[in-house]
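Next come the chains, spelled out residue by residue.
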Amino acid sequence: MNFQKKILCIGAGYVGGPTMTVIADHCPQYKVTIVDINEEKIAAWQTDELPIYEPGLLDVVKRTRGKNLFFSTDIVKEIDEADIIFVSVNTPTKTFGEGKGKASDLQYLEKTAHAIVAASNSAKIIVEKSTLPVRTAEALEKILNSNEKGIHFEVVSNPEFLAEGTAIRDLENPDRVLVGSRETEEGFKARQTVVDIYKNWVPDERIIRSNVWSSELSKLVANAFLAQRISSINSISALCEKTGADVTEISRAIGADSRIGNKFLNASIGFGGSCFKKDILNLVYISETLGLTEVAEYWENVIKMNEYQEKRFVKRMLVTMFNTLANKKIVLFGFAFKADTGDTRETPAYYVAKMLLEEHANVFITDPKALKNAKIDLAEFGDKVNYIEDPYEAAKEADAIAIMTEWNLYKTLDYKKIYDSMRKPAHLFDGRNILNLSQIEEIGFDSHAIGIQ
Ligand code: NAD
Ligand code: UGA
């Protein structure tokens, strides 16, 4: 089959995989290939046991795989053949050197840039799909265009806004797609080429064009604003627990104001996920290096509030359970950072588990999709942590249950049956406010939720 264009994605992770699959689904005229240095991951993408869990993903993969969607580890060959290369490698927080703990670690991006230069024999558009510090395109252009083959690479920023658990829905029907480029003739041309991919299914009015710096920075700002809303409502939850106001009623009351809006106002144990903390720290670092101390401090507080919320939760458990958790069996319902994903990166459940272990509690964890990752994350604690798939089994003889993830499953369990199997007094701490507390208390539980006295 003769394809109109060859699109390559470097990085077959939570973003590269779903994003490119949906592009392949809507653009049969393009050949879409995803490569990764991780051979195991690439092998898994070619089976029905995909390397990530995402509702609806397998259906789209099955529709496209082998037709116009391909997976490969032959990075050199695929780079050479591609017209457009999306770079979707990880950009974690630096764990060493200058900017340690805040700046983005761009080593994977830079390696990719050098691999592109080495393997290319023709001009290509390079699309920043990874989340990057503002002005990264400049560095990327320098590396790419200092090649000695006389090849020109045009860098376009196209940040991804999908959320895990709803990735396919978000990609199929995005609020907006953002494409930023240099405002030169070649820049505009490259921008249009990327826009043309999305126009196959996204209405034009939802495709935002901007300069490349605005596009890069918008991504960091979007995540910072979303996380800030959670920290804001979580700060109010602490106030509610002291005053008798109910944070869920407050969310409803303020969210009804169309200027505020009702989304992202669920008070919780805290936000997790691989990006909110990393992207805010990146924003903080950029502001600091530009001498904008007040700006840096302002955003850093969003993270401090999140950490406070996690600590506050465990403190409440401790105080409620008579100031000792030693040898008490505590079951975490959920370990994923949110429902409908097996991803546990920066999950609040990890920090809660760690604090409970410091109190010498016997920690049990149950989760429908994240137990494999939980075991890896908590490996250092060995058999001090127990993993049980069935929540009813996990809860037997427990002193307390703490809901960490808002899985639908946990909204529909038979809590009477669970209560009967637990030690008394049986405590329940709802870190996601998903249960009806009066019904839970009627069963006999001593129950607590976020932002409710
Ligand atoms: P991930 O870790 O799941 O995937 C990244 C992949 O890149 C890995 O499979 C890794 O093996 C591969 N890789 C690294 N270096 C490589 C190289 N030199 N050549 C080939 N492959 C290489 O990460 P992710 O969650 O998909 O995130 C990727 C980027 O997208 C990050 O910048 C992140 O901030 C951003 N982002 C993530 C999400 C999300 O929901 N996870 C949403 C929007 C944006
Ligand atoms: C988030 C953004 O929503 C995406 O737009 C962005 O593309 C992505 O980060 C990214 O850059 O990685 P994600 O982290 O997958 O997506 O999931 P969210 O739905 O944003 O949830 C993040 C965390 O906040 C979860 O732990 C969730 O439980 C928590 N949350 C969310 C709350 O505690 N309260 C809320 O009201 C909403």
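Keep in mind it's a predicted model, so treat the numbers as computed, not measured. (Residues numbered from 1 in each chain as written. Chains lettered and ligands numbered in written order. Predicted model: local features only at pLDDT ≥ 70, side-chain atom pairs only at ≥ 80, totals over all residues. Heavy atoms only, no water.)

**Focus: the site of ligand 2**
Taken together, 21 residues surround ligand 2, and among them Phe161, Leu162, Ser268, Phe337 and Arg432 come closest. Between ligand 2 and the protein, one listed contact pairs an oxygen atom with a backbone N or O atom of glycine 272 at 2.9 Å. In the model, an oxygen atom of ligand 2 is placed 2.6 Å from a nitrogen or oxygen of the arginine 432 side chain. Protein chains shield 90% of the accessible area of ligand 2, which is 700 Å² for the free molecule. At four residues, the largest contribution of residues to the shell around ligand 2 is made by helix 9 (residues 212-243). Classifying every residue of the shell around ligand 2 gives eleven nonpolar, four polar and six charged. The two domains that each donate at least three residues to the shell around ligand 2 are domain 1 (5-202) and domain 2 (245-449). (Near = heavy atom within 4 Å. Polar contact = N/O pair within 3.5 Å; in protein donor to acceptor, adjacent residues only side chain to side chain. Areas by Shrake-Rupley, 256 points an atom, 1.4 Å probe, with all protein chains shown as cover. Helix = DSSP H or I, 4+ residues; strand = E, 2+ residues; numbered from the N terminus. Nonpolar A, V, L, I, M, F, W, Y, C, P; charged D, E, K, R; others polar. Domains from an automatic or database assignment.)

**Digging into unusual backbone geometry**
Following lysine 424, the chain continues to proline 425 via a peptide bond in cis, the omega torsion being 0°. Residue placement: proline 425 occurs in the loop between helix 17 (415-421) and strand 13 (427-430). Unusually for a residue other than glycine, phenylalanine 322 sits at a positive phi of about 65°. Residue placement: phenylalanine 322 occurs in the loop between helix 12 (293-320) and strand 9 (329-333). The class for phenylalanine 322 is exposed, based on a relative accessible area of 56%. (Buried < 20%, exposed > 50% of the residue type's maximum accessible area, 1.4 Å probe, protein only.)

**Looking at the domain arrangement of the protein chain**
Note on interface size: it is often stated as the accessible area lost on association of the parts. Domains assigned within the protein chain are domain 1 (5-202) and domain 2 (245-449). Between domain 1 and domain 2, the C-alpha centre-to-centre distance is 33 Å. With 19 residues of domain 1 in contact, the opposing surface of domain 2 contributes 19 residues. Summing both partners gives a buried area of about 1500 Å² for domain 1 against domain 2, and 52% of it is carried by carbon and sulfur. For the domain 1 face of the interface with domain 2, the top three residues by lost area are Tyr53, Lys102 and Glu164, together amounting to 44%. Here domain 1 is connected to domain 2 by three salt bridges. Between glutamate 288 and lysine 102 there is a salt bridge; the shortest N-O distance is 2.9 Å. Here domain 1 and domain 2 share six residue pairs in polar contact (both at pLDDT 80 or more) between them. (Contact = heavy atoms within 4.5 Å. Buried area = accessible area lost by both parts, 1.4 Å probe. Salt bridge = Lys/Arg side-chain N within 4 Å of Asp/Glu carboxyl O.)

**A short note on the site of ligand 1**
Taken together, 26 residues surround ligand 1, and among them Val15, Asp36, Lys41, Thr91 and Lys278 come closest. One nitrogen or oxygen atom from the side chain of threonine 91 is found 2.6 Å from an oxygen atom belonging to ligand 1. When ligand 1 sits alone it has 830 Å² of accessible area, and the protein chains cover 91% of it. Split into classes, the residues belonging to the shell around ligand 1 amount to nine nonpolar, ten polar and seven charged. The two domains that each donate at least three residues to the shell around ligand 1 are domain 1 (5-202) and domain 2 (245-449).

**Things to note about the pairing of strand 4 (residues 84-87)**
Here strand 4 shows no split at all, with Ile84 and Phe86 on one side and Ile85 and Val87 on the other all buried. Taken together, the four bridges between strand 1 (residues 5-10) and strand 4 define a ladder with parallel strand orientation. If you follow leucine 8 over to strand 4, its bridge partner there is isoleucine 85. Pairing between strand 4 and strand 5 (residues 124-128): four bridges, direction parallel. Its bridge partner being in strand 5, phenylalanine 86 is matched across the sheet by valine 127. Once the chain exits strand 4 it traverses helix 5 (residues 107-119) before rejoining the sheet at strand 5, and the crossover so formed is right-handed. (Pairing = 2+ DSSP bridges. Right-handed = clockwise from strand over helix to strand, strands pointing away.)

**Notes on the pattern of salt bridges**
Under the criterion given, the structure shown has 23 salt bridges. The shortest N-O distance in the salt bridge between arginine 65 and aspartate 48 comes to 3.0 Å. With a gap of 17 residues between them, arginine 65 in the loop between helix 3 (57-64) and strand 3 (69-72) and aspartate 48 in the loop between helix 2 (39-45) and helix 3 connect regions that are remote in the sequence. One salt bridge connects glutamate 346 with lysine 277, and the closest N-O pair in it is separated by 3.7 Å.

**A closer look at the side chain of threonine 193**
Secondary-structure assignment places threonine 193 in helix 8 (residues 185-198). Of the polar contacts made by the side chain of threonine 193, one reaches the backbone oxygen of lysine 189; its length is 2.9 Å.

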